[in-house]
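Summary of structural features
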Amino acid sequence: MKPALRTLVACAAWLLSGCAALDPHAVVTRRIAAPASPLPPTETQPSSQIRRVKVNFFVISVQDIDSDTNTYRIDMYLDLYWDEPALHGRSLADVEESTLWNPQIYLPNARSSETLFVFYSDSLEPNTNLRMSYRIVGTYDGNFDMHKFPFDSQELVVAIESKEYDNTTLVFEYLTSDTAQPDARLDSPVVRTVPLGVHVASAVQLSEWKLTGVQSTQSLKMLEYDKSIWPSFQFSLAVERNSEAYLWKVFALTALLMALGWSVLWIPPQETRFRLLVLFSLLLAIVVHDLATTALRPRVPYMTFADLYFLAAYALYGVLTLFLWVSYFVDTLQHRTALPSAQIGSLSRQAPSNLARLSARFQLAGRIGFPLLRGIVNLLLFWYGLS
């Protein structure tokens, strides 16, 4: 029995020495790596169910629409509604607001923004029980197309996205009584025209613009670097520029100077020097008017309608200048061929009268053709600008 007892003691000693050699950090590591219980829906981590967040907005003011920097400033209320599981059977006063789910929104096209307040309240909208309200004042980057300035229309867009949840956990919807809303797809956003008076304060007054409509858009965006898809909601205010002031300050005077060029053609062709003096005086007046109205036109790297109109005026004066030089050449040729009748035959005596008739017809063609050309150019330009 003694050998067996000694063997049993030796085994026990070996087991004790092995336990003492265990690394305690390995035990801690395994405990940390052990799977944790899933967080309840009331935590900041969302549940597996997709949250359908309904969006409502109300624009208080629109200011500082800058065509040079493509920016605008909007003050608005923003309300988000959804069904919060933590409030099932309970009121908002029974839960800690810090445990409520938050969509973590941000404004991707905002150059700068300030949130004046944000708070939770009970929702009265169907299929929702929680409302999250914001008041946000922001300056936004636009994408203005100024080709038809000053007959242009622009869209003032405010985009809303989540910085935390993609389309597997969050969907934005426009707040409406329509319960069968279609879901947006990558290739087919949901666009709807919404009531102007419901979403924009009647006190919104734009001195240079006229508000013409409001649209909301639900869409999905795919990130190129990881192909993830994110929900997006945006609303856009359609504005149209008031062009009456530009018509009088810019185009009326330019059109008058273009029309005065016609008076040059009524000066006798023999007075070429006086013709050119009047022509270049009018051309100088257009150049001065162009430079004086530069501050009224947007600084963009392409031609606007206003730039094209001045360019057309320069082109018409170029055509008029060419006409005067040709007229001068025909008149000079007529005088050079008018030799004494004793030195020329009967056939040559007819040449001066032919050139005289040609010069007269040329002057008549210019007096008729120039206003027609000017009218066609104006018609084409304003058709392009107003279409």
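Fair warning: this is a prediction, and the values are worked out from it, not measured in the lab. (Residues numbered from 1 in each chain as written. Predicted model: local features only at pLDDT ≥ 70, side-chain atom pairs only at ≥ 80, totals over all residues. Heavy atoms only, no water.)

To continue, consider the sheet that holds strand β2 (residues 71–82). If you trace the five strands from one edge of the open sheet to the other, you get β4-β5-β2-β1-β7, paired in mixed fashion. The outermost strands of the open sheet, each flanked by one partner alone, are β4 (110–122) and β7 (170–174). Looking at each pair of strands side by side, their axes are set apart by 25° on average, direction ignored. Bridging between strand β1 (residues 51–66) and β7 involves five bridges; their strand directions are parallel. Looking at β7, one finds that Arg51 is bridged to Leu170. (Pairing = 2+ DSSP bridges. Helix = DSSP H or I, 4+ residues; strand = E, 2+ residues; numbered from the N terminus. Axes fitted to C-alpha atoms, helices over the stretch in contact; angles between N-to-C directions.)

Let us now look at the packing of aromatic side chains. If you walk through the whole model with that rule in mind, you get 21 aromatic pairs. With centroids separated by 5.7 Å and ring planes inclined at 85°, the aromatic side chains of Trp262 and Trp266 adopt a geometry described as edge-to-face. In this structure Trp262 comes out as partly exposed when scored by relative accessible area, which is 32%. With a centroid separation of 5.7 Å and an interplanar angle of 70°, the aromatic rings of Tyr309 and Phe382 are classed as edge-to-face. Here Tyr309, found in helix α6 (residues 305–336), pairs with Phe382, found in helix α8 (residues 351–386); they are 73 residues apart in sequence, far enough to count as distant. We classify Tyr309 as buried; its relative accessible area is 2%. We classify Phe382 as partly exposed; its relative accessible area is 22%. An aromatic cluster of at least three residues, connected via ring pairs, comprises Phe151, Phe251, Phe305, Tyr309 and Phe382. Above the face of the Tyr384 ring, Lys148 is positioned so that its terminal group lies 5.5 Å from the ring centre. (Phe/Tyr/Trp six-rings, centres within 6.5 Å; stacked < 30°, edge-to-face > 60°. Buried < 20%, exposed > 50% of the residue type's maximum accessible area, 1.4 Å probe, protein only. Lys NZ or Arg CZ within 6 Å of the ring centre and 35° of its normal.)

So, on to a nonpolar patch on the surface. Judged by side-chain polarity, Tyr77, Leu116, Phe117 and Phe119 come together as a nonpolar surface patch covering roughly 330 Å² of accessible area. Ranked by the residues each element gives to the nonpolar patch, the list is headed by β4, at three residues. Tracing the chain through its elements places Leu116 in strand β4. On the accessibility criterion, Leu116 (41% relative accessible area) is partly exposed. (Patch = residues over 30% accessible without salt bridge, like charges linked within 9 Å, V, L, I, M, F, W, Y side chains within 5 Å. Areas by Shrake-Rupley, 256 points an atom, 1.4 Å probe, with all protein chains shown as cover. Salt bridge = Lys/Arg side-chain N within 4 Å of Asp/Glu carboxyl O.)

What follows is about the nonpolar core. Of all hydrophobic cores here, the largest spans 73 residues; its most connected members are Val62, Ile74, Leu78, Leu80 and Leu237. Sorting elements by how many residues they give to this core places α6 first, with 11 residues. Not counting the four nearest positions on each side in its chain, Leu237 is found in contact with Val59, Val62, Ile74, Gln154, Glu155, Leu156, Val200, Leu211, Gly213 and Val214. (Core = buried A, V, L, I, M, F, W, Y, C linked by side-chain atoms within 4.5 Å. Contact = heavy atoms within 4.5 Å.)

To continue, consider the pattern of salt bridges. Scanning the model with the defined rule gives 13 salt bridges in all. Residue Lys221 is joined to Glu161 by a salt bridge in which the shortest nitrogen-to-oxygen separation is 2.7 Å. In this pair, Lys221 is assigned in strand β9 (residues 209–222) and Glu161 in strand β6 (residues 153–162), connecting sequence segments 60 residues apart. Lys221 sits in the partly exposed class, given a relative accessible area of 37%. Asp307 is the partner of Arg297 in a salt bridge, and the nearest nitrogen-oxygen pair spans 3.1 Å. Of this pair, Arg297 sits in the loop between α5 (272–292) and α6 while Asp307 sits in helix α6, and the two are 10 residues apart along the sequence. For the residue pair Arg297 and Asp307, the accessibility class agrees, reading buried in each case. What emerges from the salt-bridge pattern is a single network uniting Arg52, Lys54 and Glu173.

Keep in mind that low pLDDT regions are not for reading the predicted coordinates in detail. Summarising the model, the chain shows a mean pLDDT of 83, and 82% of its residues fall at 70 or more. The low-confidence segment residues 14–47, where pLDDT is below 50, has 15 contacts with residues more than four positions distant or belonging to other chains. When the criterion is pLDDT under 50, residues 344–349 qualifies, and its contacts beyond four places in sequence or with other chains add up to three contacts. (pLDDT = per-residue confidence, 0-100.)

Taken in spatial order, the five strands line up as β3-β6-β10-β9-β8 in an open sheet, and their pairing is antiparallel. Of all the strands in the sheet, the pair left with one neighbour each is β3 (105–106) and β8 (190–194). Pairing geometry for β9 and strand β10 (residues 229–241), over 13 bridges, is antiparallel. Residue pairing across strands places Leu220 opposite Pro231, the latter belonging to β10.

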